[in-house]
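Fold and geometry: a report
Chain by chain, the residues run as shown.
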Amino acid sequence: MNAIIKKKISNILAIIMFFCSSFLAFYCIFLRIDKLFFIFDKEDINLFAAKFILPRGKLIFSGKYNFIDNPGIEKKQKRFEEIHLNKNKVSNNVKNISPETVPKKEIPYEDEPHDPNEKKYKVIESQFSSSGLKYENFYIKNTTGCEINIAQEINKEPAINITCTDKPQVLILHTHTSESYLMKDQGFFYESFFPRTTDNNKNVVRVGDEIAQQLIKSGINVIHDLTAHDTPTYNGSYSRAAKTIEKNLKENPSIQVVIDVHRDSMGNRESGKVKPTCTINGQKAAQLMIISGCDKDGTLGFPNWKKNLRLSLRLQKYCESMFPGITRPLNFSCVKYNMDITPGSLLVEIGSDVNTLEEAVYTGTMFGKSLANLLSDLKK
């Protein structure tokens, strides 16, 4: 009897060990993928698991997994390698922009040849506006569980000191520098479309240039830092961006406002990818979304989040007052995203990966004008 019980226990232990070792093996494989590749759009392990671990698990068992989002597409593999092997390096320089040094760039529209049989996926155009909590002329999406008195917070002056000076007062940077857009508005995107590039004429850096131009036209000097934080690896982008912010603040203590410019990604190939748009003065623009963080229970190490929120609320109001329809609801959520470094920091998403570069740059112009007006009104 004892021998039978011992055998059963031994079998149970063997089964437990098998599942534990299998889990550990798969965890290590996927952890390695997570460190090597920046397929997902935010550093969010749940999104990563839902969109990439499960599909890749199926491909592993079928023997077709090849470490890219779209197996078998040679052009996408080439783009992927160019970014991750950093073959086309972006110079990690800083542009201290003044009216005399504003770059003048044309928006590229080159057409790449495509196989006529290459699969196409739909782009869903949508305008986001009336969702969440409405205050005067704009909306707030509050997912924090923390109640805020919007009227009270928006009427408190932001904790920034804008003065008449020739020193830089705004820092623009890009945590995910390679985030890019479509080049044409045609209602679909090809299977080989890969919305990341180190070409600063085609990614969010180009949008940052446009924002900077509007600020300097209003007499507000800007540092546009071009440091690439998401190449050659995506993980750790925010940590590297934090060092860039701290370096600029140390070298330029006059900086009052830090803007981290991104672009969003919504939907998927199967159901269609979403582009948020609006029409301003007869021209199509990419809607923007301001993100403001909250530290409800103190676990994020972001105690002064309300100061950042005051700036975000005012900027949201200025954008909607000057260009109605340009904003998506302000995203007020339990995140930090380096906003804890200064009380004048915020993150803005300009469009999504299936907006066109032209739409995003146009929005950059209007966002820059709105920010310039806000800062000019705060000058002392």
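What you see is a predicted model, and the numbers here were worked out from it, not measured in a lab.

Overview of the pairing of strand β10 (residues 272-280)
Every regular strand shows the same layout, with side chains that alternate between the two sheet faces. Where burial is concerned, most of β10 is hidden: eight out of the nine residues are buried. Examined bridge by bridge, strand β2 (residues 120-126) and β10 share four bridges and lie parallel to one another. Counterpart to V123 in the pairing with β10 is K273. Where strand β9 (residues 267-268) lies against β10, two bridges are found, and the strand directions are antiparallel. Each bridged residue has a counterpart across the sheet, and for N268 the counterpart in β10 is G272. Two successive antiparallel strands, β9 and β10, enclose a turn made up of three residues. Where β10 and strand β11 (residues 283-286) come together, four bridges link them in antiparallel fashion. Residue pairing across strands places I280 opposite Q283, the latter belonging to β11. The loop that links β10 with its antiparallel partner β11 comprises two residues; one of these, N281, has a positive phi angle of about 55 degrees.

A look at the pairing of strand β7 (residues 222-225)
Both faces of β7 are covered, namely the face carrying V222 and H224 and the face carrying I223 and D225. Relative to β7, strand β5 (residues 170-173) runs parallel, the two being bridged by three bridges. Note that in β7 the partner of L171 across the bridge is I223.

Focus: the confidence of the model for the protein
When pLDDT is averaged along the protein, the result is 81; 74% of the residues meet or exceed 70. Note that pLDDT drops below 50 for residues 30-93; the model gives that stretch 119 contacts with residues more than four away or on any other chain.

Re empty space enclosed by the protein
The full count for this structure, using the stated rule, is two cavities of 30 Å³ or more. By volume, the largest cavity amounts to about 60 Å³. For the lining of the largest cavity, the secondary-structure elements that each account for two or more residues are α6 (237-251), β8 (257-264) and β14 (345-352). Within the lining of the largest cavity, the residues separate by chemical class into seven nonpolar, three polar and one charged.

Thoughts on the packing of aromatic side chains
Scanning all chains against the criterion turns up six aromatic pairs. Seen from their ring centres, Y238 and Y337 are 4.9 Å apart, and the 20 degrees between their planes marks the pair as stacked. Of this pair, Y238 sits in helix α6 while Y337 sits in the loop between β13 (330-333) and β14, and the two are 99 residues apart along the sequence. Taking relative accessible area as the criterion, Y238 reaches 8% and is therefore assigned buried. Y337 gets classed as partly exposed once you look at its relative accessible area, which sits at 27%. The interplanar angle of 40 degrees and the centroid separation of 5.7 Å between the aromatic rings of W305 and F332 together place this pair among those described as tilted. Of this pair, W305 sits in helix α7 (residues 305-322) while F332 sits in strand β13, placing them 27 residues apart in sequence.

Quick look at the pattern of salt bridges
Enumeration according to the criterion identifies 13 salt bridges in this entry. Here K247 makes a salt bridge to E251, at a shortest N to O gap of 3.3 Å. Residue K247 and its partner E251 are located together in helix α6, separated by four residues, close to a single helical turn. Among the ionic pairs, K273 bridges to D353, the shortest N-O distance being 2.8 Å. Residue K273 is found in strand β10, and its partner D353 is found in the loop between β14 and α8 (357-377); the two are separated by 80 residues along the sequence. As far as burial versus exposure is concerned, K273 and D353 are alike and both buried. Linked by salt bridges that have partners in common, E125, D185, K275, K284 and E359 make up one network.

Observations concerning a nonpolar patch on the surface
Taken together, the side chains of I9, I12, L13 and I16 make up a nonpolar region of the molecular surface, amounting to roughly 370 Å² of accessible area. For I9, the location among the structural elements is in helix α1 (residues 2-36). What makes I9 partly exposed here is its relative accessible area of 46%.

Quick look at α7
Taking 1.5 Å as the rise per residue, α7 with 18 residues should run 26 Å; its terminal C-alpha atoms sit 26 Å apart, in good agreement. Among the residues of α7, W305, N308, L309, R310, L311, S312, L313, R314, L315, Q316, C319 and E320 are the ones counted as buried.

Let's talk about unusual backbone geometry
A cis amide bond links T231 with the next residue in sequence, P232, at an omega value of 5 degrees. Along the chain, P232 turns up in the loop between β7 and α6. Non-glycine residue E136 carries a positive phi angle of around 50 degrees. According to the relative accessible area criterion, E136 is partly exposed, its value standing at 46%. The backbone of N281 sits at a positive phi, close to 55 degrees, despite the residue not being glycine. Here N281 is to be found in the loop between β10 and β11. Of the residues examined, N281 reaches a relative accessible area of 72% and is grouped as exposed.

Basis of the calculations
Residues numbered from 1 in each chain as written. Predicted model: local features only at pLDDT ≥ 70, side-chain atom pairs only at ≥ 80, totals over all residues. Heavy atoms only, no water. Buried < 20%, exposed > 50% of the residue type's maximum accessible area, 1.4 Å probe, protein only. Helix = DSSP H or I, 4+ residues; strand = E, 2+ residues; numbered from the N terminus. Pairing = 2+ DSSP bridges. pLDDT = per-residue confidence, 0-100. Contact = heavy atoms within 4.5 Å. 1 Å grid on protein atoms, 1.4 Å probe; cavity = no way out; pocket = protein on both sides within 12 Å on 5 of 7 lines; lining within 4 Å. Points joined across faces, edges and corners; volume = space filled by probe spheres on them. Nonpolar A, V, L, I, M, F, W, Y, C, P; charged D, E, K, R; others polar. Phe/Tyr/Trp six-rings, centres within 6.5 Å; stacked < 30°, edge-to-face > 60°. Salt bridge = Lys/Arg side-chain N within 4 Å of Asp/Glu carboxyl O. Patch = residues over 30% accessible without salt bridge, like charges linked within 9 Å, V, L, I, M, F, W, Y side chains within 5 Å. Areas by Shrake-Rupley, 256 points an atom, 1.4 Å probe, with all protein chains shown as cover. Expected span 1.5 Å × (residues − 1).

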